[in-house]
Number of protein chains: 4
Amino acid sequence: TTSWAVCLSRTYSSSSDIRSIVELPDRIHPRYLRSTKPGSSLLSLKWPRPPRNLLVVQKLYSETVTDAVVKFAKHIHNEYPDIHLILEPRVASSIQERVDFPVYSSDDRPYIAQKVDVIATFGGDGTVLRAASLFKLHGSVPPIVSFSMGTLGFLGEWDFQEHKKVWREVYMSGSDVAVRDAAVPRGNKDSPEEQDDGNNPWALIKGKSMGAQRASKVLLRHRIKADIFDANGDNINDRLSDNLLGDSKSLAGPLAGTLEPSPSLRAINEISVHRGSHPHLAIIDIFQNGHFLTETIADGILISTPTGSTAYSLSAGGPIVHPLVKSLLITPISPCSLSFRSLVLPLDTKVTLRMSKKNRGRELDLSIDGKRCAGVSPGSELRVEGEFVGRSHDGRGEEWAGGVPCVIRTEDDDPWVGGLNGLLKFNHPFGRATEGED
Amino acid sequence: TTSWAVCLSRTYSSSSDIRSIVELPDRIHPRYLRSTKPGSSLLSLKWPRPPRNLLVVQKLYSETVTDAVVKFAKHIHNEYPDIHLILEPRVASSIQERVDFPVYSSDDRPYIAQKVDVIATFGGDGTVLRAASLFKLHGSVPPIVSFSMGTLGFLGEWDFQEHKKVWREVYMSGSDVAVRDAAVPRGNKDSPEEQDDGNNPWALIKGKSMGAQRASKVLLRHRIKADIFDANGDNINDRLSDNLLGDSKSLAGPLAGTLEPSPSLRAINEISVHRGSHPHLAIIDIFQNGHFLTETIADGILISTPTGSTAYSLSAGGPIVHPLVKSLLITPISPCSLSFRSLVLPLDTKVTLRMSKKNRGRELDLSIDGKRCAGVSPGSELRVEGEFVGRSHDGRGEEWAGGVPCVIRTEDDDPWVGGLNGLLKFNHPFGRATEGED
Amino acid sequence: TTSWAVCLSRTYSSSSDIRSIVELPDRIHPRYLRSTKPGSSLLSLKWPRPPRNLLVVQKLYSETVTDAVVKFAKHIHNEYPDIHLILEPRVASSIQERVDFPVYSSDDRPYIAQKVDVIATFGGDGTVLRAASLFKLHGSVPPIVSFSMGTLGFLGEWDFQEHKKVWREVYMSGSDVAVRDAAVPRGNKDSPEEQDDGNNPWALIKGKSMGAQRASKVLLRHRIKADIFDANGDNINDRLSDNLLGDSKSLAGPLAGTLEPSPSLRAINEISVHRGSHPHLAIIDIFQNGHFLTETIADGILISTPTGSTAYSLSAGGPIVHPLVKSLLITPISPCSLSFRSLVLPLDTKVTLRMSKKNRGRELDLSIDGKRCAGVSPGSELRVEGEFVGRSHDGRGEEWAGGVPCVIRTEDDDPWVGGLNGLLKFNHPFGRATEGED
Amino acid sequence: TTSWAVCLSRTYSSSSDIRSIVELPDRIHPRYLRSTKPGSSLLSLKWPRPPRNLLVVQKLYSETVTDAVVKFAKHIHNEYPDIHLILEPRVASSIQERVDFPVYSSDDRPYIAQKVDVIATFGGDGTVLRAASLFKLHGSVPPIVSFSMGTLGFLGEWDFQEHKKVWREVYMSGSDVAVRDAAVPRGNKDSPEEQDDGNNPWALIKGKSMGAQRASKVLLRHRIKADIFDANGDNINDRLSDNLLGDSKSLAGPLAGTLEPSPSLRAINEISVHRGSHPHLAIIDIFQNGHFLTETIADGILISTPTGSTAYSLSAGGPIVHPLVKSLLITPISPCSLSFRSLVLPLDTKVTLRMSKKNRGRELDLSIDGKRCAGVSPGSELRVEGEFVGRSHDGRGEEWAGGVPCVIRTEDDDPWVGGLNGLLKFNHPFGRATEGED
Ligand SMILES: NC(=O)C1=CN([C@@H]2O[C@H](COP(=O)(O)OP(=O)(O)OC[C@H]3O[C@@H](n4cnc5c(N)ncnc54)[C@H](O)[C@@H]3O)[C@@H](O)[C@H]2O)C=CC1
Ligand SMILES: NC(=O)C1=CN([C@@H]2O[C@H](COP(=O)(O)OP(=O)(O)OC[C@H]3O[C@@H](n4cnc5c(N)ncnc54)[C@H](O)[C@@H]3O)[C@@H](O)[C@H]2O)C=CC1
Ligand SMILES: NC(=O)C1=CN([C@@H]2O[C@H](COP(=O)(O)OP(=O)(O)OC[C@H]3O[C@@H](n4cnc5c(N)ncnc54)[C@H](O)[C@@H]3O)[C@@H](O)[C@H]2O)C=CC1
Ligand SMILES: NC(=O)C1=CN([C@@H]2O[C@H](COP(=O)(O)OP(=O)(O)OC[C@H]3O[C@@H](n4cnc5c(N)ncnc54)[C@H](O)[C@@H]3O)[C@@H](O)[C@H]2O)C=CC1
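A brief report on the enclosed structure follows. Computed from a predicted structure; not experimentally measured.

### Re the overall build of chain A
Moving on, step 1. Looking only at helices and strands, chain A features 12 helices and 25 strands.
Moving on, step 2. When the accessible area of chain A is evaluated, it comes to approximately 16400 Å², of which 50% is carbon and sulfur surface.

Here is the structure:
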């Protein structure tokens, strides 16, 4: 328990150098407890000890968002001195310039999954998607706290105004220490209570009591995962993965142990195949659990999660599926058929999309959560299925695997309903006359 | 030209007795001129002489609406002394009680088509539909000025606040007399101008000049008409017509000459056949111009006008068709098929719906513009086609036949667009983020 | 184990009197085991001892179907002498006339749930629905074997040609006795194997070995259940139940112990509220887990099971949901809104439909699986939620409760896919040209 | 009238050189007469004198199609010696090699509109679209006779087996000469009848009388036309036109007189704007007759003709519009909105699509009839409206302008209905049970 304490350099002065996440202590995996409230399917976040490595993912090119991140960073630094802030390489230096303490850059991307305890996002739905996409090759995603900036999104849960309160709750989740008023000066160790807890970092956080039972509520968003095979039946995830990992030169080393040989690609919204700019319709054979289902002739096809049901799939005519329904959706995009309707299948269904030879040599665009990641040629196959959720299989009982744990509001049991009405303008009636007529 | 002048009794004092429309002078048919503005498909209203018989149709059971009608009635009486106000029997006495001049009741319903020059409606879309339905058996409908009360409707064009201005314009349409300030006291006949126009009732209307060219703009809403045949092929419109005419015992007399032997039933929104409360699906064969098109198994089927495309058909999944597109729509209601899509056919298409023998004896509900008018049994047929629009065929060149002439706004060329956005909440985007994301 | 043996009267000769099910031995509850095949969600049927009371439900007014039932009855009587055949009162005598052994009538309807071990249906989907509806007030439904007659249905699984094979498999499910060739004359007790099994009725069934592991596969179709409350908040299921139970005068006696005081109404397809023949739109407030979701103005609203997703909900525009997805669907029927899309919610969601006061006094039609069961007036509420599935709560560990166990094919893991393509004509492409063009 | 006779070289022997259409006599414009049959909206083809220049457009890379074209070419050469066969440059030599008479190449593309009298297509819908696209910049399209090869298409009207009969009817349309048995040897000039008609090329065609009144029926398919303006408001059709005309180096010369300065681009199916391979949604402002209608956030947007309503628009959820309904459709492709429904507007509506600045610099794909023709950048505008149909405005009374005249079957008044059922699999019912159930 000392390694991470050592990493905190309170005597730091130069703001010029950005540190690497390699230096950070290893990730802490929280546990997720079933809510005791009957009927609730939300989980309670429980840290075995306080999180230390906080990754910030922000919307780019927005002054407002950057200002918010700086404000948040300063707050964290002042009130939670044990926390290391990790930033994306693209923005790390611009933030570093504006704060007088060191930040870490997630440049060594393969280490992200080994180091990040918790994620905070600042932006819109796209920012949350990008944060999740950093864990596209990993079964285990840290909890995500998402702050909407300006416009409310479907995945953005919190207003930036709430950041102090929300972060405190996330941080304290699982502690048995009462949280008291944040206004009490930090570092004041005179009170007897804190002296006892000298070795409990949670005890450092002053504040009004939140009650011992108070813990952040987590909605576990299901993901789907895909493996890509070429016309010879060889798994070619690697080729796409390289592409996806972008600047990272090699997956050797740290990833070698933690990942499957060819890690599957995970999507939180959907996996899509689309004709892109090709004028001709895409022709794709769909198989369900190994059985031929249908040949689709369409602009493309979507395999969506319930989370993604309110994204592209909805635009393409699909139903709205609650994130807690264990399912995956098949929704065609502009199908050349009067009779293709969205299908909602069990989450563990194995869906295979085979790019038909009839596509005559041309590649189709494969995208994950709206980001194009490859061209797939005729004969190649995409094998999709829901991601396993639960204790990880690799024997490390600590690690919860599967899904994207999103910290959500507790006031209301189901923020999703608010999203329907507020964001989707669900069921706006025609006109205003509901009183009937003579 | 004296008959109508005689009918005006300025010395009337008792408000207790309601007069019959039979006493009123015969109807004046306006002409509808193509707009000179290129590209415009609206018509200009042109009265050969001022209208005299004004039918008021109002929403029932609404205090606000009744107040508005009384206000309107008094304004008309004061400013347009030559106008006779006709009211529906159900409301005539309640209005009569509140005004000190005589009103007429449309009780002798067969005479409506012979007497009414122009209609004003006060209420919602249902009120406009009811007004039009009074002419369900007639090819020629007087122009309709529709005032929305409270909530805006799709067919209600004018805000009640505008009633003075709007009515003046309708009344003056076609006159060459300049309209001057309504504030000038009426009856003041000293000015030389008015003395010259002693025999021109338009000259009695004082007011600010509206310009000689100013005329009300009319959107001619297309109707569809239906004839019903029993399983033996006999036209049974009569039976339904009786039903439709309600209290009127006989069509003999005034109607004998003006109507076809079995007048077709006209709809401004749609004609529908529906299973109603029967648990089993309706089975209906559809023919297009005599050719078998398809057998529908559904809750029901709609044949709609473009006007009706924003009513029931829209709810059932149909497209939005501009009222100027000469067409009729076939839209199924909850069809037992993945592949039934709305059809938009030329307005002059002959569509036949034949109630299949497979319905096993049970009747289906036939409705016109949302009012159930009959049960149709297996083997019977509904023959629908667009109503002819133009000069009437019966040799009386004066009379324009076909369609429902609706007085609409002129500020904007197309109030329909406003309706889409304001009333249908057309294309409300999800969320609010349109700026894209990193 | 003797009671049922006694009930079998081999010396029966007069076909005139029909027996009552009250005489029959009590119901045997099978167990449902998870399939050992990984990934499969189907269950294996396992009888603790052979079923004895077989209820036949058949399509009415069809000569072909009646012939099939007679054929089936004779086969059962000859090959499975321990089985008692129970028929619906409406058909019992017409079948009895054609066979020379006694049949039982389900006249004493309250006893059905106490006596019937297994059900065989002959007809279409409607027949299966009717069979299930006999258990509308009961948590525990016996396994259903459904034979399609003539046309294939979505719920009808087996071709009548297969009846001997299918029934044998159902009957033997769970026995450890090998099934041998049916051609071996029954009653031949010379073989040593059968002598040992003298007291095992399974041993009486000759036949080719099906292998000890062979058991019928069961798809457990989820049901939803509804409780109805009047405007005062009082549960009024009773009033509807009486109605539903039809001729049965009283629920006293045998039902007293087994049913909840006001048993919920179960649907296998959907629960619907509809305007019926009323011209005006139904106005219904929808609540989800106690939170207001939306006010619907529509022809009606459907709460469907995944099974029902291919029935009315599909016609109304809903998605196709696999029966194994634990969910319920809300689909509006012709909603007066451009923006109502089907919702797929977790099966344990509590959905409340409140008939709005805006309906102005008029009742709406409440139907269960397509059968109208009541008119519901403004202010009354329908509370719907998925039915619990598992061991029954009442302490009788034997009894599996919840869902409708349907015996399905085993050749293919998922007959549902066949249904999509064969019955729904799913994704029929336009034209036939899939080869692209110059 | 001699020029074209001279062009026919019966003594031609070398098949090696392909001639240029520049040598051909000028185009003959047929007239289109309203059908006398009441209610019919089809036109009758009437040549002032026999057509001479026949353009063949064929599907590429198909052996079967090339064989058919060779067969057709030989038939034409043998039986209609006055006809010149024009082929597309890509295929001209491969056909020329297989026939012993000269063919013409449409290489000098600008001349096509000046020379081609009639078009025959061999292939699928794409081939008809390509034929029409040759006249994308021209108001006047020659009549098109379309032969389907193998698969039936929506636009392909005739089976290749019918080519002799169909061509004879097209050729003779408008002649008063009876058509007699094709079996009578051609060139036999002994009969008195032909001697009289020595100077009438129609008289050369032997054959069984088709009756003087028999003429090919023509469906005039409406087109829409578009003009493109850059962010400065400058018309940039030219830039696209060059692109569209492909190999043609210059529009100078023959086109100078016949075309508008920047000819509009015509579409027979639709004009589309799409995000293509860009991951982000396209943002497009839509204006109707100059009024702002809505901002669309979507994959793209389609402005379709009624003909195109069964193509891409149908896949995107649009209605089926009969080709005789004078309208254009706006259908969004996967719009980010629950409430965008297809709009059907009068054909003369001016629809403007403005690429929003919110697209942040990136271009959208503009396609005409499925062929990408340009990238359009933010700020640029697409102005679309229906094409004028009627006598051309340029004073040359002969020339009919607007629309694509397609020769269609006469047996049935409306081949479109057959297309719905046969090709679109319109309204295929679920299951097969239409008889109801008990
Ligand atoms: N035609 C369409 O509707 C298309 C939709 N998309 C969606 O966009 C997603 C990528 O999002 P961005 O990177 O932000 O791209 P973006 O900036 O193009 O935004 C797409 C829109 O989708 C919304 N969105 C994203 N995920 C959502 C969810 N789960 N529920 C509700 N709304 C959601 C965003 O708020 C935004 O309004 C993809 O996963 C795909 O689902 C992508 C392409 C086309
Ligand atoms: N499920 C549905 O959407 C149903 C719709 N209707 C429609 O209601 C009409 C009768 O109207 P009411 O007597 O007022 O009955 P109502 O009082 O039940 O109102 C029906 C609704 O349709 C609106 N409406 C009527 N005509 C319209 C039009 N042309 N465009 C846009 N909205 C329109 C009205 O404003 C009202 O909101 C029928 O002609 C039919 O089109 C009737 C039954 C069911
Ligand atoms: N517009 C519509 O589509 C309507 C549909 N229905 C459906 O009919 C059901 C009652 O069926 P019946 O008594 O046979 O009435 P019915 O004889 O009117 O048949 C309704 C049709 O639905 C089919 N069907 C029933 N359940 C199905 C399922 N689970 N999946 C696929 N198809 C199914 C039947 O095969 C039949 O073709 C109701 O539960 C309701 O779902 C009822 C009324 C209207
Ligand atoms: N998702 C979709 O449905 C897409 C459709 N298209 C359509 O394809 C057309 C171009 O056709 P091709 O060059 O043959 O491309 P293609 O070879 O990709 O074929 C498109 C399909 O559309 C059919 N088609 C074309 N015009 C039709 C019409 N008017 N009515 C009914 N079916 C029709 C063709 O027979 C073919 O099956 C475009 O004008 C566009 O309408 C183009 C892209 C995507």
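Still more ground to cover, so stick around.
### A few points about the interface of chain D and chain A
Accessible area lost upon the coming together of the parts is a frequently used measure of interface size.
Moving on, step 1. If you look at the interface, chain D gives 21 residues, while chain A gives 21 residues.
Moving on, step 2. Note on chain D versus chain A: buried area summed over both sides is about 1600 Å², and carbon and sulfur give 49% of it.
Moving on, step 3. The largest per-residue losses of area from chain D upon contact with chain A belong to Ser277(D), Ser315(D) and Leu338(D), which jointly make up 32% of the total buried on that side.
Moving on, step 4. At the boundary of chain D with chain A, the tally comes to zero salt bridges.
Moving on, step 5. Mapped by element, the contributors of at least two residues to the side of chain D that touches chain A are helix H10 (312–315) and strand S17 (327–335) of chain D.
Moving on, step 6. Here the residues of the side of chain D that touches chain A are counted per class, giving 10 nonpolar, seven polar and four charged.

### Brief notes about the relation of the copies chain D and chain A
Moving on, step 1. When chain D is fitted to chain A, the residual RMSD is 0.1 Å, and the transformation amounts to a turn of 180 degrees plus an axial shift of 0.1 Å. The transformation just described matches what one would write down for a two-fold rotation axis. Relative to the rotation axis, the C-alpha of Gly276(D) is the closest in chain D, positioned 2.4 Å from it.
Moving on, step 2. The share of interface residues of chain D whose copies in chain A are also at the interface is 100%, consistent with both copies meeting through the same surface.

### Observations concerning the relation of the copies chain B and chain D
One chain copy maps onto the other through a rotation about an axis and a shift parallel to that axis.
Moving on, step 1. In screw terms, the move from chain B to chain D is a rotation of 180 degrees and a rise of 0.1 Å along the axis, fitting with an RMSD of 0.1 Å.
Moving on, step 2. Here 96% of the interface residues in chain B have copies in chain D that are interface residues too; the copies meet face to matching face.

### Things to note about the packing of helix H2 (residues 63–79) of chain A against helix H6 (residues 163–172) of chain A
The relative placement of two packed helices is expressed as an angle between their axes plus a distance between the axes.
All names here are of chain A.
Moving on, step 1. Relative orientation of the contacting elements H2 and H6 amounts to 45 degrees, with a least axis distance of 11 Å. Accordingly, the angle class assigned to the pair H2 and H6 is oblique. The way H2 lies across H6 gives a crossing that is right-handed. Together, Phe72, His75 and Ile76 of H2 and His163, Lys164 and Trp167 of H6 make up the contact between the two elements.
Moving on, step 2. Here the residues of the contact of H2 with H6 sort into three nonpolar, two polar and one charged.

### Focus on the interface of chain B and chain D
Moving on, step 1. On the side of chain D, 52 residues touch chain B, which itself brings 53 residues to the contact.
Moving on, step 2. Summed over both sides, the interface between chain B and chain D buries roughly 4300 Å², with carbon and sulfur atoms accounting for 56% of that surface.
Moving on, step 3. In this assembly, chain B and chain D are joined by 19 residue pairs in polar contact (both at pLDDT 80 or more).
Moving on, step 4. Among the elements of the structure, strand S14 (282–288), strand S15 (291–304), strand S16 (320–321), strand S17 (327–335), strand S18 (343–346) and helix H11 (415–422) of chain B are those that each provide at least two residues to the side of chain B that touches chain D.

### Some remarks on the side chain of Arg341(B)
Moving on, step 1. Along the chain, Arg341(B) turns up in the loop between S17 and S18.
Moving on, step 2. In this structure Arg341(B) is buried but unpaired, with Glu270(D) as the nearest side chain of opposite charge at 13 Å.
Moving on, step 3. Among the polar contacts listed, one links the side chain of Arg341(B) to the backbone oxygen of Leu314(D), at a separation of 2.8 Å.
Moving on, step 4. A distance of 3.5 Å separates the side chain of Arg341(B) from the backbone oxygen of Gly317(D), its partner in a polar contact.
Moving on, step 5. Arg341(B) has contacts with Leu338(A), Leu314(D), Gly317(D), Gly318(D), Pro319(D), Ile320(D) and Phe426(D), leaving out every residue within four places of it along the chain.

### A word on the site of ligand 4
Moving on, step 1. What surrounds ligand 4 is a group of 24 residues, the closest being Asp125(D), Asn269(D), Glu270(D), Thr310(D) and Ser315(D).
Moving on, step 2. Surrounding ligand 4 are residues belonging to chains A, C and D, so the site spans chains.
Moving on, step 3. Within the backbone of Gly126(D), one N or O atom sits 3.4 Å away from an oxygen atom of ligand 4.
Moving on, step 4. Put simply, the parts of the chain that give the shell around ligand 4 at least two residues each are helix H5 (125–133) and H10 of chain D.
Moving on, step 5. Ranked by residues supplied to the shell around ligand 4, first place goes to H5(D) with three residues.
Moving on, step 6. Taken together, the residues of the shell around ligand 4 break down into eight nonpolar, nine polar and seven charged.

### Overview of the site of ligand 1
Moving on, step 1. The immediate surroundings of ligand 1 are formed by 24 residues, with Asp125(A), Asn269(A), Glu270(A), Thr310(A) and Ser315(A) found nearest.
Moving on, step 2. The local environment of ligand 1 is shared, drawing residues from chains A, B and D.
Moving on, step 3. Glu270(A) is positioned such that a nitrogen or oxygen atom in its side chain is 2.4 Å from an oxygen atom of ligand 1.
Moving on, step 4. Element by element, the count of residues in the shell around ligand 1 is highest for helix H5 (residues 125–133) of chain A, at three residues.
Moving on, step 5. For the shell around ligand 1, the per-class residue count stands at eight nonpolar, nine polar and seven charged.

Conventions used here
Residues numbered from 1 in each chain as written. Chains lettered and ligands numbered in written order. Predicted model: local features only at pLDDT ≥ 70, side-chain atom pairs only at ≥ 80, totals over all residues. Heavy atoms only, no water. Helix = DSSP H or I, 4+ residues; strand = E, 2+ residues; numbered from the N terminus. Areas by Shrake-Rupley, 256 points an atom, 1.4 Å probe, with all protein chains shown as cover. Contact = heavy atoms within 4.5 Å. Buried area = accessible area lost by both parts, 1.4 Å probe. Salt bridge = Lys/Arg side-chain N within 4 Å of Asp/Glu carboxyl O. Nonpolar A, V, L, I, M, F, W, Y, C, P; charged D, E, K, R; others polar. Least-squares fit on C-alpha atoms with pLDDT ≥ 70 in both. Axes fitted to C-alpha atoms, helices over the stretch in contact; angles between N-to-C directions. Parallel < 35°, antiparallel > 145°, perpendicular 65-115°, else oblique. Left-handed = near helix turned anticlockwise from the far one by under 90°. Polar contact = N/O pair within 3.5 Å; in protein donor to acceptor, adjacent residues only side chain to side chain. Buried < 20%, exposed > 50% of the residue type's maximum accessible area, 1.4 Å probe, protein only. Lys, Arg positive; Asp, Glu negative; His and termini not counted. Near = heavy atom within 4 Å.

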